[in-house]
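Observations on the three-dimensional arrangement
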Amino acid sequence: MGDRDEEEELQMALRMSLHGSPPAQPEPKRSKPPSPAGESPEAEARRKQRELMAAAAEKRLRAVAPPVAVAPPAAVAPPAAVVVPPPSQPTAVVAEQTSSPEDVKVESESTVVPMEDVKEAEVELEVDVGEEEKGEELHPELAEKLWLMVFGSGVSKAVLAQWSNQGIRFSSDPETAMGLVQHEGGPCGVLATVQAYVLKYLLFFSDNLGNPEVSDPSFALGQRRFYQSSFAARDDFSSLTEDGKTRALVHAMVEILFLCGTGKRAVVAFIGGVIREKVLRISTFTSRKDAFTMLLANIPLFQSRLGAMLFLISSLLSRGLDCIQADRDDPSQPLVTAPFGHASQEIVNLLLCGEAVPNVFDGKMDLGGGMSLKGIPNDVEVGFLTLLESLNLCKVGQYLKCPKWPIWVVGSESHYTVLFALNPNVQEENELEERESKIRRAFDAQDQSGGGGFIAVEGFQQVLRDTDITFPSDKLDDLCNAGVIVWSEFWQALLQLDKRAGGMKDPTGLMGKKQFTIYHFNGIAKSVLNGSGNTGGSTPIQRPRICKLNVSVPPRWTQDEYLADVVSSSASGSKNDSVLSLAPPVQTACQHAPLVDCIRTRWPRAACSWSGDVPSIV
């Protein structure tokens, strides 16, 4: 390939990295496998773009600049790459490090770029931070430790590409103007969590975005009390101003960084130095106002293609690398997971609760012998739900399920999206629900099974003391005979006890029934028809997706259910009156999608309906 051709490809790749979806482009002038049969136009465009980016990355890796004083982790990624390969792509295999750029092979996307080669590569940014040096240069040893913590000893070009081309940018589509646009996979865990905090400010602090200290917990407390008095946010996202969205983003970043810094400090990482010797620099703030001012002035840097990576680095440094490793159950593994480069649960939890704990249950789980597993330590501003819980692969605790604001990051097997409501009242509990929540919290506090839903007899006795529950001696013996108490059996026995006492009473007459509206946002840009389904003259455009869902949650228990259970038991000749059937009533006009399974982990038996496309969590 001639120098002129290589330079033209490099320039094209750099231009495309500054925009959204790729324009029509020539085939890269390098060997490549044939197009897969039956490949969609959208998938073909992404594949062609990856091939072009790989060609440009090859040029960049072989044109190594002289080593600089510091090899910054944020400046190690080849800038010419946009998207992450979907799960159907070949996986990245970590190879041994080599000693020179000439040893780096570039024949496939799964090729590993050793740390030494990548950190010496020339990096150019589309954001000029100026000649004036600000902050302090990150020490080489700390930079090395940071790189290993995030990526490990080797990283595939595909993973490096997706993390080096994800800016924190809002959608230009009016319908999704409040949302951050994501490329495929990889940094979506960072983007979705930042998005959740952005929504907090856009929805519930829109009149206070000019206050640089609005993220202070004492201010937020007063605002939450205001909104819990039956006030709801507006859903006219197209009316949001660019200045308002930018300020909401900066407030979200400040809150997350100070959360990671235990409320005492925030570390902001940015790129500094002359054009050909960019280095990672950091500034530390103890004032939210000062941090807000600095971030607002430098927001173009975080909108650039290294934005998500720089914000992750800032969060890690705000927490402190030693604290990060102490938070984790297995600090030997990289925070960005192989083979597809997804943000680990530790990254998401760091941004949600300020600690890089690996689990989503409440508190710590004592395993004995001085060993324990770490979960979420306290209440959080925005929460987390996951499809994995509906598959019985984990247990999300009450801290994440019931955050202070009705906003949740939603996790699937390979992607993170956001669920939110405009009215905090969706989280309010009536007397019946409060009672169940109190009992469940006491039960979970004794649960050492990793969310398995059972406790030892000793723990059960403590639950009864904490909740002032008194069982008849025969019923208590039945529950304790097996040596462990299962939640479902305990709860059914408790409901049966209540039934014998005349049933649960609810003066509202609703008996826990709820109906509300909730929204789901997926930041990954997908092709949609520009023309509201009218194919005549319409052209595909790329935009994120938002879905409005109507949710109906049936009562958790009612007197009718008790009577129905008695009739059912009598008809079947059942002699065990301790088992109360809680099968959901038949629902009508409801729809199903994996998102509904996630919603049901928060609101059991919820029925959902929507108009238009099925909400997607992938």
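Here's what I pulled together on the structure shown here. The model shown is predicted, which means the values in this text are computed figures rather than measured ones.

Notes on the pattern of salt bridges
A complete count under the given rule lists 15 salt bridges for this structure. Between R440 and D444 there is a salt bridge, with the nearest N and O atoms lying 3.0 Å from each other. One end of the pair, R440, and the other, D444, are both in helix α16 (residues 431-445), 4 residues apart, so they sit about a helical turn from each other. Take D444: its relative accessible area is 22%, and that puts it in the partly exposed class. Ionic contacts of the salt-bridge type, sharing partners, join the residues K200, E255, E381 and K404 into one network.

Some details on the nonpolar core
The biggest cluster of nonpolar side chains holds 100 residues, and the ones touching the most others in it are F151, W163, F302, F311, L316, I407 and F420. Per-element accounting of this core gives the leading share, 13 residues, to helix α6 (residues 188-204). With sequence-adjacent residues up to four places away left out, F302 is seen in contact with G167, I168, M253, V268, A269, L295, G307, L310, F311 and S314. Core analysis: the second largest hydrophobic core is formed by 23 residues, V410, A421, L549 and C598 among them.

Things to note about the packing of α16 against helix α17 (residues 457-467)
At their nearest, the axes of α16 and α17 sit 9 Å apart, and the two run at 145° to each other. In this structure, the crossing between α16 and α17 has a hand that is right-handed. When α16 is examined against α17, the residues K438, I439, A442 and F443 are found in contact with a partner set consisting of V463, D466 and T467. Considering only residue class, the contact of α16 with α17 consists of 4 nonpolar, 1 polar and 2 charged.

Regarding the sheet that holds strand β4 (residues 266-272)
Two strands in a sheet stick together by hydrogen bonds in their backbones, pointing the same way (parallel) or opposite ways (antiparallel). Across the sheet, which stays open at both edges, the 3 strands sit in the order β2-β5-β4 with antiparallel pairing between neighbours. The open sheet has two edge strands with one neighbour each: β2 (136-137) and β4. As judged from the 2 bridges shared by β2 and strand β5 (residues 279-285), these two strands associate in the antiparallel manner. Of the residues in β5, the one forming a bridge with E136 is I282.

Considering α16
Here α16 spans 21 Å end to end across 15 residues, near enough to the 21 Å set by a 1.5 Å rise per residue. Every buried residue belonging to α16 is among L432, E433, E436, S437, I439, R440, A442 and F443, and all of these are buried.

Quick look at the pairing of strand β12 (residues 416-420)
For β12, the tally of buried residues reaches 5 of 5 residues, placing the bulk of the element in the interior. Residues Y416, V418 and F420 point to one face of β12 and T417 and L419 to the other, with burial holding for every one of them. One ladder, built from 5 bridges, connects strand β11 (residues 407-411) with β12; its direction is antiparallel. Bridging from a neighbouring strand, V409 pairs with V418 of β12.

Overview of unusual backbone geometry
A cis geometry characterises the amide bond from A338 onward to P339, with omega recorded as 0°. The topology assignment puts P339 in the loop between β6 (336-337) and β7 (342-343). Although it is not a glycine, D468 sits at a positive phi angle of roughly 55°. Relative to the helices and strands, D468 resides in the loop between α17 and α18 (473-480). Accessibility expressed as a relative area gives 65% for D468, which makes it exposed. Although it is not a glycine, R605 adopts a positive phi angle of roughly 70°. Positionally, R605 belongs in the loop between α21 (594-602) and β17 (607-610).

Section: the environment of G411
When you line up the elements, G411 lands in strand β11. Relative accessible area serves as the criterion here: at 1%, G411 is assigned to the buried category. As for G411 and V348, which are separated by 63 residues in sequence, their C-alpha atoms are 9.8 Å apart. Residues in contact with G411, not counting those within four places in the same chain, are F384, L385, T386, L387, Y416 and C598.

Thresholds, definitions, all that
- Residues numbered from 1 in each chain as written.
- Predicted model: local features only at pLDDT ≥ 70, side-chain atom pairs only at ≥ 80, totals over all residues.
- Heavy atoms only, no water.
- Salt bridge = Lys/Arg side-chain N within 4 Å of Asp/Glu carboxyl O.
- Helix = DSSP H or I, 4+ residues; strand = E, 2+ residues; numbered from the N terminus.
- Buried < 20%, exposed > 50% of the residue type's maximum accessible area, 1.4 Å probe, protein only.
- Core = buried A, V, L, I, M, F, W, Y, C linked by side-chain atoms within 4.5 Å.
- Contact = heavy atoms within 4.5 Å.
- Axes fitted to C-alpha atoms, helices over the stretch in contact; angles between N-to-C directions.
- Left-handed = near helix turned anticlockwise from the far one by under 90°.
- Nonpolar A, V, L, I, M, F, W, Y, C, P; charged D, E, K, R; others polar.
- Pairing = 2+ DSSP bridges.
- Expected span 1.5 Å × (residues − 1).

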